[in-house]
Amino acid sequence: MSTALSTTVPEAPDTPFVLPRWHWARKHATLILGALLLLAVAALSIAAPWVATADPQDIDPLARMQAPSAAHYFGTDALGRDVFSRAVWGGRVSMIVGLWVGVLATLLGVLLGLLAGFVRWADSAVMRVMDGLMAIPGILLAIALMAVTRASLTTVVVAIAVPEIPRVVRLVRSLSLTLREQLYVEAAHAVGTRLPTILLCHVLPNMVAPLIVQATFVAAAAVLTEAALSFLGVGIPAQTPSWGNMMAEGRNFVAVAFHIILYPGLLLASTVLAINLLGDGLRDALDPRLARQL
Amino acid sequence: MGYLLRRLLSTVPVMAVVAVVVFLLIHLSPGDPAALIAGDLATGEDIDKLRVALGLNQPLWQQFALWLGRLASGDLGTSIFTQVPVTQLLAQRLEPTASIAAFTMLLTLLVAVPLGTLAAYRAGSWIDRAVMLFAVLAFSVPVFMIGYLLVYTFAIQLAWLPVQGYSRFADGIGAWLRSLVLPCINLALVYIALVTRMTRATVLEVLHEDYIRTARAKGLGVLPVLGHALRNAAIPIATTIGVGIALLIGGVVVTETVFAIPGVGRLVIDSVQRHDYPVIQSVLLLSAGVYVLINLLIDLSYRLFDPRIQY
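Residues numbered from 1 in each chain as written. Chains lettered and ligands numbered in written order. Predicted model: local features only at pLDDT ≥ 70, side-chain atom pairs only at ≥ 80, totals over all residues.

With that settled, consider the overall build of chain B. Secondary structure assignment for chain B yields twelve helices and zero strands. Moving toward the C terminus, one meets the helices and strands of chain B in the order α-α-α-α-α-α-α-α-α-α-α-α. Taken over the C-alpha atoms alone, chain B extends approximately 85 × 55 × 35 Å along its principal axes. Evaluated residue by residue, chain B yields a buried proportion of 37% over its 311 residues. In chain B, 71% of the contacts between residues at least 6 apart in sequence involve partners at least 24 apart. (Helix = DSSP H or I, 4+ residues; strand = E, 2+ residues; numbered from the N terminus. Buried ≥ 20, exposed ≤ 12 C-beta atoms within 10 Å, placed from the backbone. Contact = placed C-beta atoms within 7 Å.)

Quick look at the overall build of chain A now. The number of helices and strands found in chain A is 13 helices and zero strands. Along chain A, helices and strands appear, N-terminal first, in the series α-α-α-α-α-α-α-α-α-α-α-α-α. In chain A, buried positions account for 45% of the 294 residues. Within chain A, contacts between residues at least 6 apart in sequence are counted, and of these 70% link residues at least 24 apart.

Okay, the packing of helix α13 (residues 259-286) of chain A against helix α6 (residues 126-140) of chain B next. Where α13(A) meets α6(B), the axes come as close as 8 Å, and the angle between the chain directions of the two elements is 125 degrees. It follows from the interaxial angle that α13(A) and α6(B) lie oblique. For the crossing formed where α13(A) meets α6(B), the hand is right-handed. Residues A:Ala269, A:Val272, A:Leu273 and A:Asn276 of α13(A) touch α6(B), and the partners they reach there are B:Val136, B:Phe139 and B:Ser140. When its residues are assigned to classes, the contact of α13(A) with α6(B) shows five nonpolar, two polar and no charged. (Axes fitted to C-alpha atoms, helices over the stretch in contact; angles between N-to-C directions. Parallel < 35°, antiparallel > 145°, perpendicular 65-115°, else oblique. Left-handed = near helix turned anticlockwise from the far one by under 90°. Nonpolar A, V, L, I, M, F, W, Y, C, P; charged D, E, K, R; others polar.)

What follows concerns the nonpolar core. In this structure, A:Leu140, A:Ile143 and A:Met146 are the most contacted members of the largest nonpolar core, which totals 160 residues. Looking at this core, the element that brings in the most residues is helix α8 (residues 173-206) of chain B, giving 16 residues. With residues up to four places along the chain from it excluded, the contact list for A:Ile143 reads A:Leu229, A:Val234, B:Val268 and B:Val272. (Core = buried A, V, L, I, M, F, W, Y, C linked by C-beta atoms within 7 Å.)

Residues and elements named next belong to chain B. Of note in this structure, Ala-260 is not a glycine but carries a positive phi near 50 degrees. Within the secondary structure layout, Ala-260 lies in the loop between α10 (222-258) and α11 (264-273). By the C-beta count within 10 Å, which is 12 here, Ala-260 ends up exposed. Phi angles above zero are rare outside glycine, and His-275 is one such case at about 55 degrees. Within the secondary structure layout, His-275 lies in the loop between α11 and α12 (277-305). Classification of His-275 by C-beta neighbours within 10 Å gives partly exposed; the count is 17.

Right, let's get into the environment of A:Leu224. In this fold, A:Leu224 is placed in helix α11 (residues 208-232). Classification of A:Leu224 by C-beta neighbours within 10 Å gives buried; the count is 29. Placed 47 residues apart in sequence, A:Leu224 and A:Thr271 show a C-alpha to C-alpha distance of 9.4 Å. If we skip the residues at most four places from it in the chain, A:Leu224 touches A:Val272 and B:Pro142.

This paragraph deals with the confidence of the model for chain B. All names here are of chain B. Looking at chain B as a whole, the pLDDT averages 84, with 96% of positions reaching at least 70. Across chain B, the secondary-structure element scoring lowest on mean pLDDT is helix α2 (residues 33-38), at 71, and the one scoring highest is helix α5 (residues 86-121), at 89. Both scores are given for the predicted complex: the pTM is 0.85, the ipTM 0.87. (pLDDT = per-residue confidence, 0-100.)

On to the interface of chain A and chain B. It is common to report an interface's size as the accessible area lost on association of the parts. Contacts between the two partners involve 35 residues from chain A and, on the opposite side, 38 residues from chain B. Put simply, the parts of the chain that give the side of chain A that touches chain B at least two residues each are α6 (120-135), α7 (138-147), α11 and α13 of chain A. In the side of chain A that touches chain B, the residues fall into 27 nonpolar, six polar and two charged.

A few words now on the environment of B:Leu149. All names here are of chain B. Of note, Leu-149 is situated in helix α7 (residues 143-157). Residue Leu-149 is classed as partly exposed on the basis of its C-beta count, with 17 C-beta atoms lying within 10 Å. Taking the C-alpha atoms as reference points, Leu-149 and Ala-123, separated by 26 residues in sequence, lie 31 Å from one another.

This next bit is on the environment of A:Ser242. All names here are of chain A. Take Ser-242: it is sitting in the loop between α11 and α12 (243-250). Through-space distance from the C-alpha of Ser-242 to that of Arg-92 is 7.9 Å; in sequence the pair is 150 residues apart. Here Ser-242 is in contact with Gly-90, Val-93, Ser-230 and Ile-236, once residues within four sequence places are set aside.

Below, the discussion takes up the confidence of the model for chain A. As a general rule, the predicted coordinates of low-pLDDT regions are not to be interpreted in detail. Residues and elements named next belong to chain A. On average, residues of chain A score 83 in pLDDT, and 88% of them reach the 70 mark or higher. Mean pLDDT across the elements of chain A ranges from a minimum in helix α1 (residues 2-8), with 47, to a maximum in helix α8 (residues 153-180), with 92. When the criterion is pLDDT under 50, residues 1-7 qualifies, and its contacts beyond four places in sequence or with other chains add up to zero contacts.

Further remarks concern α6(B). Across its 15 residues, α6(B) extends 21 Å between first and last C-alpha, which sits within 8% of the 21 Å expected from 1.5 Å per residue. The complete set of buried residues in α6(B) reads B:Val131, B:Ala135 and B:Ser140. Those residues of α6(B) that are buried lie in contact with α13 of chain A together with α5 and α8 of chain B. (Expected span 1.5 Å × (residues − 1).)

Time to look at the packing of α8(B) against α10(B). All names here are of chain B. For the pair α8 and α10, the least separation of the axes is 9 Å and the interaxial angle reads 155 degrees. As the angle between them shows, α8 and α10 are arranged roughly antiparallel. For α8 against α10, the interelement crossing comes out right-handed. Considered class by class, the residues forming the contact of α8 with α10 number 18 nonpolar, eight polar and no charged.

Structure below.
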């Protein structure tokens, strides 16, 4: 019987079915575009010491507010510093803040979200605190946190991460409520698997995709918030070149030297756009069902 | 009525958490709150005096109870820098901020809802793509960058509108409106992007419903059909508008700095540089209160959109 069956199985065709060329690339155009753009900005800021044409802190009173030229690609600012070199170094601040806020807010959000989703008595307490935190506009909370600490890269990262945590907690909790009812979780529980093991081996792996997507959106928001804080004068210390600081310094010269604000602003916008595109692309690629939730 | 009461009560824990967070803010900081408030130039004696004056030498829970009691009687404390009651300080700054927020909201509703509906109705067309592209861009370009582009183009190059500053309502409606145009457009862009995206998504979903097909089949025109669709899509849109209030309040702070408008947002930033904590705390409380109140009103308005909802 089995031999009879095997003869009916059609042989593999000579030319196997192949997806049209570039099919993958076309399907994930947003993802690729975002990733490439972000890689470019990241490469530029990592290579800052070699790419920068001048010392970002070098003051030249004779070359103040010069328009973009071959000597100064993005022109010079009010103190005669090279805007291009400062912008390249400033990218490092944005990259670091985006990365760390994304990681920090996601880690803390996962811990609190799992606590709320799987530990019954903690649920309403955690969620009420999150509701309260969400009622305070994020940037105001970050400003207030900066007001009580000494301005530094670390305090900026923490101040931006705290208001982002509730969003992650809500996502993790709602995912937990669904996953908790899954048969494999119930089965693991039934055979006596302890809760930490269930969470680590059965629940978390099923959350990775939406969490990565959420983390990218958190990172994009963080880059924008850092720039806004620095622009308002309550973020990264003023002597550090960051895109927000550069735009704050160019504020009083909008009418005469718009390039001081324009170039850091364009770099900032492209970076955030890149992260947002990456997030949109990842969401569509990793989990199409998620597209409607986020 | 029972629902109204329950919904009202549900704001209590939220505001309680806000109050605790705002109160603990200066106590969370590493170091002595009295020294923090006194600033860098204070002597040890000054700090001790201040500590007693502000009641910072009492146990934490007693301080909190005292502070809550004063809040309940409408006393937000005294500004450390200007020595003026915070309520008075806020009252002076409220007009510009409230004007910007109100007009931004109006502009958003007028633009975002029709735009989102159009994008959904013509899903997949170039209009839809353009709208979605605009939404992604508006989320990515920082508010202050757009602000300066607007100032540079419309105020400096074209000289159509005042560059910066704010003209009070009492000083003439024309000047008041002119000083609001650019800040409101600036602030509205992100908000429009948010609401447009939500409107498009919900209307798109509703357009597949049976009753829409019936409405079309009986020969109803495009506008009445979209009217049916919008009414059924109203609740998620209203919810998004409510959640977006946080975005709006946060944006006001930045916009006021770009356009040099002496509003509440500017007050916060000045207060951070002056270590004026009572003012910062009060603005946090006020904005959280506004957020909670507007979301409460939106929740209660659901019934207007959908009479089937039983509270």
